[in-house]
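Reading the structure
If you want the building blocks of each chain, they are given just below.
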Amino acid sequence: MQQLTAVWQALDPRRRAIVAVTTLAMFAAVLALANLVAKPSMALLYAGLDGNRSGEVLAALDQRGAVYEVRGTAIYVEGVRRDELRMTLAAEGLPANSGSGYELLDSLTGFGTTSQMFDAAYLRAKEGELARTISALPQIRSARVHIAETRAQGLRAQTRPSASVAVTTATGGITPPHAKALKFLVSSAVAGLAPEDVAIIDGAGGLVIAGDEQAGPAAGDRAEELRRNVERLLEARVGYGNAVVEVSVETVTEREAITERRFDPDGRVAISTDTEERTTSSNDRGSSAVTVASNLPSGDANAPAGTSQSQNSETRERTNFEVSETTREVLRNPGAVRRLTVAVLVDGVTVVDDTGATRVEPRSDDELAALRDLVSAAVGFDADRGDVITLKSMSFEPLAPAGEPAGASYLAGLGLDAMSMVQLLVLAIVTLVLGLFVIRPILTSRGGRVPDLAPPRADDRLALDSGALTGEIADDDEPLQNLAVVSGRSGDSAGRIPGSEVDPVSRLRQMIAERQDETVEILRGWMEDPEEERA
């Protein structure tokens, strides 16, 4: 402790300030590193929660004294406790679902609950259950489902049910096949609801699919698929990168429904036969008609009456035939190929002439014809439809590289951790600062500042052999004449005292220069002598 006090007192104010500031900086760096090392690694607990559910989870974490961090909409906890906290919170029903489902019906009682209240609660419960199911999908962050009420009220008859779904995804939108699946999900859960009556709205605020469903892949997707097939087929012959293929597909965009009904008169079929028979007979035995003869006295009024008889038989047959009928209904959805255009460019063939020079020549007509047949078979060429295939052989121009290829960095190749490198760099800086500004000034000031003395000359080395300096004045040494106190001496500008030939100070400097090692040892012995310190 005394040595430290002596060293501190021997320092000048500037060095004391440097040592103090360096010591404080060193302690601050050590504390920061200790805090960084002692800080636990954080792992993701939950992400994408709304305000209410996040507050419930944070309150549960505070009750358990867990260390957590909130970064935007994500909650991070200690990595070693993440699984434990998830299981514990799940046992308590946290985080709660975004909407209420069929548990709404549990709060309804038979007393004071009307049929209208029950229908409204049942509709809300169904919407909440559908929203839960949709939110459970990996790409969906949140979902809301709205179902229109269809029951009859007053003079209004029961209407056709409809629904709308608003979803928010991580990417901002959903694909048409995904929206189609959501339509069938909602329509299957609601009685009488058709898929075309369900509207899907994505996170970008746009209507994904409304009305009729798309049939078949889009024109762009079909053209890309055909291009890849043709390019892969040609590269097997001409080599990788020696064929460029472009495909254009013109599709039908309108929807067409055709209903056809045909009758075949030759294809009659008897379906029923009716036979009717009728017989009629009559007999006439006299005539009761009044004539002129019957009124005369000599007439034949009393003549006997004549007899007449008649009989009629009739047969009728009726057969019913069914004429052969054919009814055909054709529904053509958008997406059918109307016209196909294919453009193919292949590289030429490199040949060597008689002089040894290389040149590129177009491929032969036979090879181009064979390649054209392969392309036609790959894309489904139809001349009646108006398809066009253009195949040319030309030499490709070499492409100049736009820049150096991207590669892994040197640190990535070494497999080092960036955080570990930062910690090692901070430790190295702290060690360097500690050595340069703390250890070095203390060691330098302890022995005093030793002047840089030149080594003894060759002609003065003989004087070193005569004897070494001990720091004591012998009795037989010659006393210096006319010595004066150095602090109070007076003389000329050269430092010489009047009346003396040699200045004592100059002589002392000369002796120190001649015997540098002995002088340093004497001064060091004086500083370390306990008697001198007590004096």
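For the structure, check the block above.
These lines cover the structure that appears in this document, whether it is placed above or below. (Residues numbered from 1 in each chain as written. Predicted model: local features only at pLDDT ≥ 70, side-chain atom pairs only at ≥ 80, totals over all residues. Heavy atoms only, no water.)

1. Remarks on the overall build of the protein
When its secondary structure is counted, the protein shows 14 helices and 13 strands. Relative to its 535 residues, the protein shows a buried fraction of 20%. When contacts within the protein are restricted to residue pairs at least 6 apart in sequence, those whose partners lie at least 24 apart make up 69%. Roughly 38700 Å² of accessible area belongs to the protein as shown, and the carbon and sulfur atoms make up 54% of that amount. (Helix = DSSP H or I, 4+ residues; strand = E, 2+ residues; numbered from the N terminus. Buried < 20%, exposed > 50% of the residue type's maximum accessible area, 1.4 Å probe, protein only. Contact = heavy atoms within 4.5 Å. Areas by Shrake-Rupley, 256 points an atom, 1.4 Å probe, with all protein chains shown as cover.)

2. Examining the pattern of salt bridges
Scanning all chains against the criterion turns up 22 salt bridges. With its nearest N and O atoms 2.9 Å apart, the salt bridge here joins arginine 338 to glutamate 254. In this pair, arginine 338 sits in strand β10 (residues 337-346) while glutamate 254 sits in the loop between β7 (243-251) and β8 (256-284), placing the two residues 84 residues apart along the sequence. Note on arginine 338: relative accessible area 35%, which makes it partly exposed. By relative accessible area, which is 42% here, glutamate 254 ends up partly exposed. Notably, a salt bridge pairs aspartate 353 with arginine 359, separated by 3.7 Å at the nearest N-O pair. (Salt bridge = Lys/Arg side-chain N within 4 Å of Asp/Glu carboxyl O.)

3. Points about the sheet that holds strand β2 (residues 68-71)
The strand order β1-β3-β2 describes an open sheet built from 3 strands, whose pairing is antiparallel. Strands with a single pairing partner mark the edges of an open sheet, and in this sheet they are β1 (42-47) and β2. Recorded for the sheet is a direction-independent mean angle of 30 degrees between the axes of neighbouring strands. As judged from the 5 bridges shared by β1 and strand β3 (residues 74-78), these two strands associate in the antiparallel manner. (Pairing = 2+ DSSP bridges. Axes fitted to C-alpha atoms, helices over the stretch in contact; angles between N-to-C directions.)

4. Points about the side chain of serine 187
Along the chain, the position of serine 187 falls in helix α6 (residues 176-189). Contacts of serine 187, omitting those with residues within four sequence positions, involve Leu193, Ala194, Pro195 and Val198.

5. Quick word on the packing of aromatic side chains
The description of two aromatic rings rests on the distance between their centres and on the angle between their planes. Applying the stated rule across the entire model yields 0 aromatic pairs. The cationic tip of arginine 71 hangs over the ring face of tyrosine 76; the distance from NZ or CZ to the ring centre is 4.1 Å. (Phe/Tyr/Trp six-rings, centres within 6.5 Å; stacked < 30°, edge-to-face > 60°. Lys NZ or Arg CZ within 6 Å of the ring centre and 35° of its normal.)

6. Things to note about the pairing of strand β11 (residues 349-352)
For a regular strand, side-chain orientation follows a simple rule: the groups alternate between the two sheet faces. Bridge analysis of β11 against strand β12 (residues 358-361) gives 4 bridges, and the strand direction is antiparallel. Note that in β12 the partner of threonine 350 across the bridge is valine 360. Connecting the antiparallel pair β11 and β12 is a turn made up of 5 residues, with glycine 356 showing a positive phi of about 90 degrees.

7. Notes on the packing of helix α5 (residues 115-135) against α6
Running from amino to carboxyl end, α5 crosses α6 at an angle of 150 degrees, the nearest separation of the two axes being 11 Å. By the criterion of interaxial angle, the relationship of α5 to α6 is roughly antiparallel. Seen along the crossing, α5 lies across α6 with a hand that is right-handed. Here Lys126, Leu130, Thr133 and Ile134 of α5 lie close against α6, whose contacting residues are Leu182, Leu185, Val186 and Ala189. (Parallel < 35°, antiparallel > 145°, perpendicular 65-115°, else oblique. Left-handed = near helix turned anticlockwise from the far one by under 90°.)

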